[in-house]
Amino acid sequence: MDLLLWRHAEAEEGPLDMQRRLTQRGEKQAHQVARWLHQRMPKQLRILVSPAVRAQQTAAALDLPFETHRQLGPDACVSHLIATAGWPDAAGATLIVGHQPALGQMASLLLSGAEADWTIKKGALWWFTNRVRQGETQTVLRAVISADLAH
């Protein structure tokens, strides 16, 4: 299984967290990463997105159908991400568009075996693969791309 974690791009400040929209810079970040991803996208990519407006706008930059899941919202935890994505047993590839701190905690769990407060930069994408080698399950980091390097 491939698992891609994409943190929403830069968003405006505001009192209603779920309604915060992307800034102009955030829209540019989302489109840069979307272009990068389109060139490398796995076949049969399932896209799961937080209901927050900024995450919805980030995912929309891909111009592909996606599923909205409330359990991927700003208050998500790693267990929500794992359950929603079906990691590591789902077939194909899954992209989660979501938030800190859950995305960073998920990345740390996948790479180190323990949840820690790692930061994923706004608009950045982390791509993991799960494989079995000689009977041992392994998680491999395939790519990390930030918006400023995606063009």
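The numbering scheme is per chain: residues are counted from 1 as the chain's sequence reads. Local features in this predicted model are restricted to residues whose pLDDT is 70 or higher, and side-chain atom pairs enter the listing and the counts only when it is 80 or higher, whereas totals over whole chains, interfaces and linings include all residues. Just so you know, side-chain values use all the structure's heavy atoms and leave hydrogens and water out.

**Observations concerning the packing of aromatic side chains**
For Phe, Tyr and Trp, where Trp contributes only its six-membered ring, two rings pair if their centres lie within 6.5 Å, and the inter-plane angle classes them as stacked under 30 degrees, edge-to-face over 60, or tilted in between. Considering all chains together, one arrives at three aromatic pairs under this definition. With a centroid separation of 6.4 Å and an interplanar angle of 85°, the aromatic rings of tryptophan 36 and tryptophan 127 are classed as edge-to-face. One end of the pair, tryptophan 36, is in helix α1 (residues 24–40); the other, tryptophan 127, is in strand β5 (residues 125–133), with 91 residues separating them in the sequence. Assigned by exposure class, tryptophan 36 and tryptophan 127 land together as buried. Taken together, a centroid distance of 6.3 Å and an interplanar angle of 35° make the contact between tryptophan 126 and phenylalanine 128 tilted. For the pair formed by tryptophan 126 and phenylalanine 128, the shared burial category is buried. Lying across the ring of tryptophan 127, arginine 142 places its NZ or CZ 4.6 Å from the centre. In DSSP terms, a helix is any run of H or I states spanning at least four residues, a strand is any run of E spanning at least two, and both are numbered starting from the N terminus. Only protein chains enter the accessibility calculation, which uses a 1.4 Å probe; a residue whose area is less than 20% of its type maximum is buried, one above 50% is exposed, and one in between is partly exposed. Whether a charge sits over a ring comes down to the Lys NZ or Arg CZ being within 6 Å of the ring centre and within 35 degrees of the ring normal.

**Some details on the environment of isoleucine 96**
Along the chain, isoleucine 96 turns up in strand β4 (residues 93–98). Sequence-wise, isoleucine 96 and proline 15 are 81 residues apart; in three dimensions their C-alpha atoms are separated by 25 Å.

**Some details on the sheet that holds strand β1 (residues 2–7)**
In spatial order, the strands read β3-β2-β4-β1-β5-β6; together these six strands make up an open sheet with mixed pairing. If you trace the sheet from one side to the other, it starts and ends with β3 (67–68) and β6 (136–145), each paired once. Note that β5 and β6 share nine bridges and pair antiparallel. For tryptophan 126, the partnering residue across the bridge sits in β6 and is valine 144. Any two residues having at least one pair of non-hydrogen atoms within 4.5 Å are treated as being in contact. For every element, the axis is a line fit to its C-alpha atoms; helices are fit only across the contacting stretch, and the angle between N-to-C directions ranges from 0 to 180 degrees. Where α1 meets the sheet, its contacts fall on β1, β4, β5 and β6, and the angle it forms with β5 comes to roughly 30°. Two strands pair under a simple rule: DSSP has to find at least two bridges between them.

**Here we look at helix α4 (residues 102–112)**
When you tally the buried positions in α4, you get eight out of 11 residues, the bulk of the element. Where α4 is concerned, the buried positions are Ala102, Leu103, Gly104, Gln105, Met106, Ala107, Ser108 and Leu110. For α4, the secondary structure elements touched by its buried residues are β1, α3 (78–85), β4, β5 and β6.

**Focus on the pairing of β5**
Here β1 runs beside β5; their pairing, made up of five bridges, is antiparallel. Its bridge partner being in β5, leucine 4 is matched across the sheet by tryptophan 127. Linking two consecutive strands that pair antiparallel, namely β5 and β6, is a turn of two residues; a positive phi of about 50° is found at glutamine 134 within it.

**Considerations on the pairing of β1**
Burial analysis of β1 places six of its six residues in the buried class, the great majority of the element. Judged by which residues are buried, β1 turns out to be covered on both faces: Asp2, Leu4 and Trp6 on one side and Leu3, Leu5 and Arg7 on the other are all buried. Across six bridges, the pairing between β1 and β4 is parallel. Counterpart to tryptophan 6 in the pairing with β4 is valine 97.

Purely geometric stuff here, so don't read any function into it on its own.
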